[in-house]
Structure formats: C-alpha cells, structure tokens
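These are the residues of each chain, in order.
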Amino acid sequence: QVRFVESGGDLVQPGGSLRLSCTASGTIISIYDMGWYRQAPGKQRELAAYIARDGITYYISSVMGRFTISRDNAENMVYLQMNRLIADDTALYYCKPNNNYYQHYWGQGTQVTVSS
C-alpha cells in the first residue's frame, strides 16, 4: 500500500521557522512531481509548493521567498522549509504526488499553527 507521511508541524510564533518532512512507503518519490498542499480553517485546500522530478520548483505568491521545497531522492524524502511564518500560514499541510492518479489521496497531514 502506498502512503505519504508528513511530519514536522508544530506551534510556532510569528516570524519563526519550521521544516516539514514527507516520506513515502510502498513507492519511491523520485518518480513523481511532488507537492506540498495546505488547508487553512474555513478555506479550500491549495497547492502551496511543488517540485518536479527535474528539480524545477513552483510556489504560490503568498509563500514565495519564505518557503523552500526540496527533495532527497536517495532518502525518499521531500521537505518544506518555512521561514518568516505568519498567521495565514496556519493550516494542515499535506504532501503527495502532483498528478491526477493521486488527486483523491490525502494522508493525515501535519498541523502548523502560527500564533503568539
């Protein structure tokens, strides 16, 4: 069974940093374009950052310059480094392949709360 497991979420003060991690079981991440998605309370889920198999990255405008997505295919991991966090970054964060096959797949996610 294929699973993508997120970790690293926490309660952090505004301006702080967190690094989220994502690992896969039952598959290898290197074959996928991978995305970090997030869902804030009362809002629709959105793709926050994306990294293609060739390393090309994409970010939504609200996180550009603050978030960095990366991948370590040898370790079967994808990361999201989040700096200068703001209250609007509070959300449940998910990672999964960015393709139609996994469009209905959602793991447990990891909670990020930005609050003083």
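Residues numbered from 1 in each chain as written. Predicted model: local features only at pLDDT ≥ 70, side-chain atom pairs only at ≥ 80, totals over all residues. Heavy atoms only, no water.

(A) Local environment of the sheet that holds strand β4 (residues 34-39). One open sheet holds the six strands; their spatial order is β2-β10-β9-β4-β5-β6, and the pairing between them is mixed. Strand pairing shows two members of the sheet lacking a second neighbour, β2 (11-12) and β6 (57-59), which therefore form its edges. The pairing of β2 with strand β10 (residues 110-114) spans two bridges and is classified as parallel. Bridge pairing links Val12 to Val114 in β10. (Pairing = 2+ DSSP bridges. Helix = DSSP H or I, 4+ residues; strand = E, 2+ residues; numbered from the N terminus.)

(B) Up close: the pairing of strand β7 (residues 67-72). Across the two faces of β7 the burial differs, with Phe67, Ile69 and Arg71 buried and Thr68, Ser70 and Asp72 not buried at all. Relative to strand β8 (residues 77-82), β7 runs antiparallel, the two being bridged by six bridges. Looking at the pairing, Thr68 lines up with Gln81 of β8. Between β7 and the antiparallel strand that follows it, β8, lie four residues; Asn76 among them carries a positive phi value of about 60°. (Buried < 20%, exposed > 50% of the residue type's maximum accessible area, 1.4 Å probe, protein only.)

(C) Structural view of the packing of aromatic side chains. This model, assessed by the stated rule, comprises eight aromatic pairs. Relative to Tyr32, the ring of Phe4 has its centre 6.0 Å away and its plane inclined at 75°; by these criteria the two rings are edge-to-face. Within this pair, whereas Phe4 is found in strand β1 (residues 3-7), its partner Tyr32 is found in the loop between β3 (18-25) and β4, the two being separated by 28 residues in sequence. Looking at Phe4, the relative accessible area reads 2%, which means it is buried. The exposure class of Tyr32 is buried, given its relative accessible area of 10%. Ring centres of Tyr101 and Tyr102 lie 5.0 Å apart, and the angle between their planes is 75°; this geometry places the pair in the edge-to-face category. What makes Tyr102 buried here is its relative accessible area of 7%. The structure contains a cluster of three or more aromatic residues connected by ring pairs, namely Phe4, Tyr32, Tyr101, Tyr102 and Tyr105. Note that Lys96 overlies the ring of Tyr37, its terminal NZ or CZ placed 5.4 Å from the centroid. A cation over a ring is seen here: Lys96 above Trp106, with NZ or CZ 3.7 Å from the ring centre. (Phe/Tyr/Trp six-rings, centres within 6.5 Å; stacked < 30°, edge-to-face > 60°. Lys NZ or Arg CZ within 6 Å of the ring centre and 35° of its normal.)

(D) Quick look at the nonpolar core. Among the nonpolar cores identified, the biggest contains 29 residues, and Phe4, Met34, Trp36, Leu80, Met82 and Tyr93 are the most heavily contacted of them. The set of elements that each furnish at least two residues to this core consists of β3, β4, β5 (46-51), β7, β8, β9 (91-97) and β10. No other element matches β3, which puts four residues into this core. Aside from chain neighbours lying at most four places away, what touches Leu80 is Leu18, Arg19, Leu20, Trp36, Ala49, Phe67, Thr68, Ile69 and Tyr93. (Core = buried A, V, L, I, M, F, W, Y, C linked by side-chain atoms within 4.5 Å. Contact = heavy atoms within 4.5 Å.)

(E) Geometry of the layout of surface pockets. Of the volumes computed, that of the largest pocket is approximately 160 Å³. Around the largest pocket, the lining residues are Arg38, Ala40, Lys43, Gln44, Glu46, Ser62, Arg66, Ile86, Asp88, Asp89, Thr90 and Ala91. (1 Å grid on protein atoms, 1.4 Å probe; cavity = no way out; pocket = protein on both sides within 12 Å on 5 of 7 lines; lining within 4 Å. Points joined across faces, edges and corners; volume = space filled by probe spheres on them.)

(F) Examining the environment of Ala40 more closely. Tracing the chain through its elements places Ala40 in the loop between β4 and β5. Between the C-alpha atom of Ala40 and that of Leu92, which follows or precedes it by 52 residues, the distance is 6.4 Å. Apart from the residues lying within four places of it in its own chain, the contact partners of Ala40 are Thr90 and Ala91.

Nothing here speaks to function; it is all geometry.
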